[in-house]
Amino acid sequence: RYVARKKIITAVVCVVVILVLAVFLTPPIFVANDTESSCRKEDIFAKTGATQYKADLLNNHFVYNPDAITSDISGDYRICTVAFDAKNFTPFEVSLDDYIISNGGDFESNIVYSTYVGDSNVIPAFSTKTVKVEILVRYSGLTDEEFDRAITSLRLRTKGAKKRISKKGGIPCIPAWMDVSDVISFDPDV
């Protein structure tokens, strides 16, 4: 009986430790949302000019491929918004620094950077929230099909994710990985 009780206690302690680690370390689950993803063409150099825009990008964002932003023609670029439904099953709010590109996919030489939109860097406890990530893509030299594949073959990950335990700080959690679904279609001419 003593050996059986010791095994049961050890098993219960292991299960509790695993559950506590899962609550504190696991990231939210991200699923691609095809209804809120889109692409737009805009004059990205209108406010600051090409040189200043490029300098601001390099200083303020994690740029995946600085060589992809060589053109000074704004029409060569498209901003694609990729939406994900983030499911946070834990009792802690998750905050993160940014969403960065971990794998540039089939056309990585055309991918410039990614960043979150609005308040997409905070995911409340016990909730599902639609988060949006903007991706700047150099469109010149790609067919419409290649442009679509350039985005749908991307893999993103969270950077600096923390579970907020109090207002002062949080516990770092494992980065979440998310693939852009090939169900989503991106039209560069919208």
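Residues numbered from 1 in each chain as written. Predicted model: local features only at pLDDT ≥ 70, side-chain atom pairs only at ≥ 80, totals over all residues. Heavy atoms only, no water.

**Student:** Is there a simple way to explain the sheet that holds strand β7 (residues 127–138) in this structure?
**Tutor:** Note: strands within a sheet are paired through backbone hydrogen bonds, in either parallel or antiparallel orientation. Pairing within the open sheet is antiparallel, and its 4 strands lie in the order β1-β2-β7-β5. Where the open sheet ends on each side, the last strands, each with one partner, are β1 (29–40) and β5 (111–116). Strand-to-strand twist of the sheet, defined as the mean angle between neighbouring strand axes without regard to direction, takes the value 25°. Across 12 bridges, the pairing between strand β2 (residues 77–88) and β7 is antiparallel. (Pairing = 2+ DSSP bridges. Helix = DSSP H or I, 4+ residues; strand = E, 2+ residues; numbered from the N terminus. Axes fitted to C-alpha atoms, helices over the stretch in contact; angles between N-to-C directions.)

**Student:** Sorry, what's going on with the sheet that holds strand β9 (residues 162–164) here?
**Tutor:** Read from one edge of the open sheet, 4 strands run β6-β3-β9-β10, paired in antiparallel fashion. Both edges of this open sheet fall to β6 (122–123) and β10 (170–172), since each of them pairs with a single strand only. As defined by bridge partners, strand β3 (residues 93–95) adjoins β9 across 3 bridges and the pair is classed as antiparallel. Residue glutamate 93 lies in a different strand from β9, and its bridge partner there is arginine 164.

**Student:** Just to check I follow, could you spell out the side chain of serine 74 for this structure?
**Tutor:** Looking at where serine 74 falls in the secondary structure, it is placed in the loop between α2 (50–60) and β2. Taking relative accessible area as the criterion, serine 74 reaches 11% and is therefore assigned buried. A polar side-chain atom of serine 74 sits 3.1 Å from a polar atom in the side chain of aspartate 43. Once you skip the residues sitting within four places of it in the chain, serine 74 turns out to touch Glu42, Asp43, Ile44 and Phe45. (Buried < 20%, exposed > 50% of the residue type's maximum accessible area, 1.4 Å probe, protein only. Polar contact = N/O pair within 3.5 Å; in protein donor to acceptor, adjacent residues only side chain to side chain. Contact = heavy atoms within 4.5 Å.)

**Student:** Honestly, the pattern of salt bridges in this entry has me stumped. Any pointers?
**Tutor:** Where charged atoms from two side chains of opposite charge come close, those side chains can pair. Inspection of the entire model under this criterion finds 9 salt bridges. Between arginine 40 and glutamate 42 there is a salt bridge; the shortest N-O distance is 2.8 Å. The class of arginine 40 is partly exposed, set by a relative accessible area of 30%. Across the pair arginine 40 and glutamate 134 runs a salt bridge whose closest N-O atoms are separated by 2.8 Å. Separated by 94 residues along the polypeptide, arginine 40 in strand β1 and glutamate 134 in strand β7 bring together distant segments of the chain. Overall, glutamate 134 belongs to the buried group, its relative accessible area being 17%. In the salt-bridge network here, residues are joined through shared partners; they are Arg40, Glu42 and Glu134. (Salt bridge = Lys/Arg side-chain N within 4 Å of Asp/Glu carboxyl O.)

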